[in-house]
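# Observations on the three-dimensional arrangement
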Amino acid sequence: MKLLEIIRTDQTSDETFQALQGFGQRLGKACITCKDTPGFVVNRLLVPYMAEAIRLLERGDASARDIDTAMKLGAGYPMGPIELIDYVGLDTTNNILQGWHEKYPDNPLFVPIKTLQQLVSEGKLGVKSGEGFYSYKK
């Protein structure tokens, strides 16, 4: 990964922050700064995006393949959101949503998703288990 998210809180000294930026640059990373918010920048945007893809699927608005194709061809993403959930792990995605929802129950972006919970309870965790939203069994 080319990115390093540096989280800066009120307790982070300028010296520590500068040291972290220097370390990231020495590693060849593009460094960004973010406050201590759930998921920082990447996952704060990514997890609700993946959750909304599941909600589209649940409502029958589009198939998993069509959702993935739309985001790959329409937005230029290398992988669609349903494929990405299978790659990350349904259990991991579910755990993130549950944790964020417990801490921030009024945020509708963090509401756990029944379909995701059901698939996890069935042991369908994505690529690592051979099946998630898609089948990876050979």
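Summarised in this report is the structure supplied together with it. Because the structure is predicted, anything quoted here is derived from the model rather than measured.

### A few points about the layout of surface pockets
When its volume is computed, the largest pocket comes out at roughly 260 Å³. If you go around the largest pocket, the residues you meet are Val42, Leu45, Leu46, Tyr49, Tyr77, Pro78, Met79, Gly80, Pro81 and Leu84. For the lining of the largest pocket, the element with the most residues is helix α2 (residues 42-59), which contributes four residues. For the lining of the largest pocket, a count of residues per class yields nine nonpolar, one polar and no charged. Computed from the structure, the second largest pocket encloses a volume of approximately 190 Å³. Lining the second largest pocket, in full, are Met1, Leu3, Leu4, Glu5, Gly39, Phe40, Val42, Asn43 and Leu46. For the lining of the second largest pocket, the elements supplying multiple residues, two or more each, are β1 (3-7) and α2. Among the residues making up the lining of the second largest pocket, the classes are represented as six nonpolar, two polar and one charged.

About the cut-offs
Residues numbered from 1 in each chain as written. Predicted model: local features only at pLDDT ≥ 70, side-chain atom pairs only at ≥ 80, totals over all residues. Heavy atoms only, no water. 1 Å grid on protein atoms, 1.4 Å probe; cavity = no way out; pocket = protein on both sides within 12 Å on 5 of 7 lines; lining within 4 Å. Points joined across faces, edges and corners; volume = space filled by probe spheres on them. Helix = DSSP H or I, 4+ residues; strand = E, 2+ residues; numbered from the N terminus. Nonpolar A, V, L, I, M, F, W, Y, C, P; charged D, E, K, R; others polar.

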